Structures are given as C-alpha cells and as structure tokens.
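The primary structure of each chain is shown beneath.
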Amino acid sequence: MKDMTPETDTLEVRIWRGRDEGRFETYEVPARENQTVLDVVSEVQRHHEPALAYRFACRVGVCGSCAMTVNGKPRWTCRTHVQKVVDGGALTIEPLRNMPRIKDLATDMTDFFDKWHRAGGRFEGTRTRHDPIQPVDPESRARKNANAGIECINCAVCYAACDVVAWDDDYVGPAALNRAWTLLNDEKHGDQRGTLDAATAAGGCGSCHTQGSCMKHCPVGISPTRSIAGIKRMSLMDFLNMRGK
Amino acid sequence: MSDASVSRPRNAARNHRSYAAFIGHRLSGVALAVFLPLHFLALGLALEGRAALDGFLAYAENPLVKFAEWGLVILLGLHLCFGIRLLVVELLPWRGDDDDRAGLIGWGLALAILVGVVFLWGVI
Ligand code: SF4
Ligand code: SF4
Ligand code: FES
C-alpha cells in the first residue's frame, strides 16, 4: 500500500465482541509491511483485549481453524495479507456466517462437521492390514476427480459463503458434498451406494443452486460447485441405470 | 473503544457473476409463474368460444399489457438461457476447476435482449 509507511501508519480494526447480541469495538494497531489478518487479531488480543476469543492453530494454512469474515467475505485469516483486503485503512472482522456464535470471533462448528457424516462422508475400508495394498491408477478419471477435492482443510469458508446454507438449515453444504464426491471417486471406499444415497437425500446435492460462492472463496482452490455437479450427474446416471464403474 | 455507529458490512460473498445469474434465474422464474396462469386463461378462453376470446384479446391490445408482455418475453428468454447454462454446468464435463460457464451468462443476457428486440419489431 502506498499510503502505508510503517512506523507511523495505523490500521483501524473493528472486531465483533459478544455473541448474537454484541457490538463492534474499534482498535488501532500499527500497519506493517507484512501482516496477515490473523497477526492483527493476535496483536489486538495481546495488547488491547486479552479476553478476545478467536481460533487458530497452525498459522500456515493447514489446520483450517482460523477462518473469519473479513470486510464482508469469508477468509482464512492466517494466509490473508492485510494489504490485499484492507479498505481505506480499515478492517472489519466478524465470525463466520451460518454457524452459531460462541463468543467474539469463535463459532460453533458442530453442525458443520455433523453434516459431513449426514452427506455420507465416512470412509469404509474393504481390506485389512493383512491384505495386499489395492493398486489405484493415478491417471484414472475417478482418481483425478478425487484428487481435485481431497486437499480440503475443513475451514468452513465455503459453508459461510453459501446462501443456500443460510436459507436452509437442512442443507449439508458444499464441504460435506465435496467430501462425498471424493469418496464416490475412491475405489477403496466400500460403501459407494450408501454415500450416493446420503449425498442425494433431502438436504443433499439437490439443494445446491449452483450459486458458485463456495468455489469463489475456497482458500485452497477446491471447487465444491464442480464436485456437487459431479454428484448430480452421477445420481442421474444412476437413476437411468447408466452409471459406469 | 466501543462504537455503536459501526454498521455491519454487507455480505460481499455475493459479488460475482454466477450469483447474479442465480438471482436473475430465480426472479424471472417467479415472474413467469405469475404470468403463466394468465396465459393458460387466454388459451382456455379460446376453447370457450369466440366472444370470450375476443374480449380478452382486445384487452391484450392495451399498450400497458403489450409492454408487460414484452417484459415477459425477455424474462422467458433469460430464464431459458440461464436454465440451459445450469444444465451445461451440471451435465457436461467441466473444463477447469473454476469453470462454471460464467461466459454463458453474458450470452444468455444478450440473447434475451435480442428476443426482446425481435418482439418489438413484430409489435411496431
Ligand atoms: S454452488 Fe451450491 S454449495 Fe456452492 S455456494 Fe452455491 S449453492 Fe452453495
Ligand atoms: S472446500 Fe475449501 S472452503 Fe470448503 S471447507 Fe474445504 S478448504 Fe475450506
Ligand atoms: S491457523 Fe491453521 S489454517 Fe489458519
């Protein structure tokens, strides 16, 4: 940022305090050349507001625990540079949408994870450790489909971005369906039928309106929209008895 | 410092073309749902006999009604094109991870406008 000479300049940071009822508190922290949104939140917690509640663990974009709403968009804060998102020297930081709030920036992610199971996301192995390893062709289409979705870090950014999740409590959401799609493309998964049935049940892939907000915001570049389209196509083929193996 | 004047920022996660297409598809769908019963009413009147239909057709010549019809034709074009895009997204293979055929949104809009122009042509 041009107008940001270190030393002197400050950021105006508004942070949500409280639960559903609450208020924005404004803090001033030094603007630095290299600073992530999580750095800013940590700085506020250490120097201004020791009781500020927020979550993080790895700081390097692996654990998926640090997501918050930053200037209106869901983001992983540990890998979001302030310079990229700051708006007129100001940052507004809120908890993620679509999940019950606990306190300040921390949300209750129980439903989000329960829905992974509802969408058929549990892996069922078919072999034991005594069997030989099942070979998987890395070039097969199914494996490529699975690879495209398996790096999900469970951050719930997509879940917070999706309006259908906001409108329909029953909808399992993009991350859970993306997980189901990776299993449906995993030759080692034993319960294909169960996963397809769960992912296409009420509140499953049929609820998605292809708004694409999930795919626009996923920090690791996964496209749940694509995965969900895949499940829809697979369920149609299945219905027509044309599903290839 | 607590500041009650700070308002909540709007949900910026919606600022992209695919979301706009979703809204366009939904609103045109609702408008068509309102219009279609009238359309079937007109068809029904045609079955009932000449007088009834003529009465309705005279009403349909009213410029305001014509204007509404014109809007509906555009909405129908829009709904059709955006619906086709969804079928393409959901049924055809994807060409890339973030390729939700946003290009078809512009084409759909253009086609709907073209249909509107052609309709005007026919009316005037
Ligand atoms: S594509 Fe589906 S899951 Fe993703 S944001 Fe849109 S409605 Fe939600
Ligand atoms: S799909 Fe992307 S945005 Fe959604 S939980 Fe996984 S990593 Fe996060
Ligand atoms: S702290 Fe682990 S992903 Fe951000």
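That block above? That's the structure.
Note that this is a predicted model, so its numbers are computed, not measured.

(A) Spotlight on the overall build of chain A. Assigned secondary structure in chain A consists of 10 helices and 7 strands. Structurally, chain A occupies a C-alpha span of about 65 × 35 × 35 Å along its principal axes. Within chain A, the fraction of its 245 residues that count as buried is 51%. Considering only residue pairs separated by 6 or more positions, chain A has 62% of its internal contacts joining residues 24 or more positions apart. Carbon and sulfur atoms make up 49% of the accessible area of chain A, which totals about 11,900 Å². Computed over 33 positive and 32 negative side-chain charges, the separation of the two mean positions in chain A equals 6 Å.

(B) Fine view of the site of ligand 1. Residue and element names in this part refer to chain A. The environment of ligand 1 is formed by 13 residues, the closest being Cys 162, Cys 208, Gln 211, Gly 212 and Cys 214. Breaking the shell around ligand 1 down by element, the ones donating at least two residues are helix H9 (213-217) and helix H10 (224-239). Split by residue class, the shell around ligand 1 holds 7 nonpolar, 6 polar and no charged.

(C) Focus on the interface of chain B and chain A. Tallying the contact residues gives 27 residues for chain B and 34 residues for chain A. Counting each side, the surface lost to burial between chain B and chain A is near 2,700 Å², with a carbon and sulfur contribution of 54%. Our count for the contact surface shared by chain B and chain A stands at 3 salt bridges. With a shortest N-O distance of 2.6 Å, A:Lys232 and B:Glu90 are connected by a salt bridge. Looking at the side of chain B that touches chain A, the elements with two or more residues in it are helix H1 (17-48) and helix H3 (63-91) of chain B.

(D) The arrangement of the pattern of salt bridges in detail. All names here are of chain A. All chains considered together, the criterion is met by 18 salt bridges over all chains. Residue Asp 163 is joined to Arg 97 by a salt bridge in which the shortest nitrogen-to-oxygen separation is 3.1 Å. Placement of the pair is Asp 163 in helix H6 (residues 163-167) and Arg 97 in the loop between strand S5 (90-94) and strand S6 (101-103), with a sequence separation of 66 residues. Taking the shortest distance from any N to any O, the salt bridge between Arg 193 and Asp 197 comes out at 3.2 Å. One end of the pair, Arg 193, and the other, Asp 197, are both in helix H8 (residues 192-200), 4 residues apart, so they sit about a helical turn from each other. Residue classification places Arg 193 among the partly exposed positions, given a relative accessible area of 43%.

(E) Examining the site of ligand 2 more closely. What surrounds ligand 2 is the set A:Cys152, A:Ile153, A:Asn154, A:Cys155, A:Ala156, A:Val157, A:Cys158, A:Ala175, A:Cys218, A:Pro219 and A:Val220. Looking at the shell around ligand 2, its residues break down into 10 nonpolar, 1 polar and no charged.

The rules behind each value
Per chain, residues are indexed from 1 in the order of the written sequence. Whichever chain is written first is A, and whichever ligand is written first is 1; the rest continue in order. Local features in this predicted model are restricted to residues whose pLDDT is 70 or higher, and side-chain atom pairs enter the listing and the counts only when it is 80 or higher, whereas totals over whole chains, interfaces and linings include all residues. Hydrogens are left out, water is left out, and the side-chain values use all remaining heavy atoms of the structure. Put simply, DSSP marks the helices as runs of H or I at least four residues long and the strands as runs of E at least two long, and each gets a number from the N terminus on. Buried, partly exposed and exposed residues are distinguished by accessible area as a fraction of the type maximum, computed with a 1.4 Å probe on protein chains only: under 20%, between the cut-offs, and over 50%, respectively. For this analysis, residues touch if any pair of their heavy atoms sits within 4.5 Å. Only the protein chains shown count as cover for residues, and the accessible areas themselves come from Shrake-Rupley with a 1.4 Å probe. Residues scored as charged are limited to Lys and Arg (positive) and Asp and Glu (negative), so that His and the chain ends carry no count. Note that the charge is assigned to NZ on lysines, CZ on arginines, CG on aspartates and CD on glutamates. Nearness is judged by heavy atoms alone; a residue qualifies as near a molecule or strand once a single heavy atom is within 4 Å of it. Three classes are used, and their members are as follows: Ala, Val, Leu, Ile, Met, Phe, Trp, Tyr, Cys and Pro are nonpolar, Asp, Glu, Lys and Arg are charged, and the others, Gly among them, are polar. By buried area we mean the combined loss of accessible area, with a 1.4 Å probe, across both parts when two parts are placed together. Any Lys or Arg side-chain nitrogen found within 4 Å of a carboxyl oxygen on Asp or Glu counts as a salt bridge.

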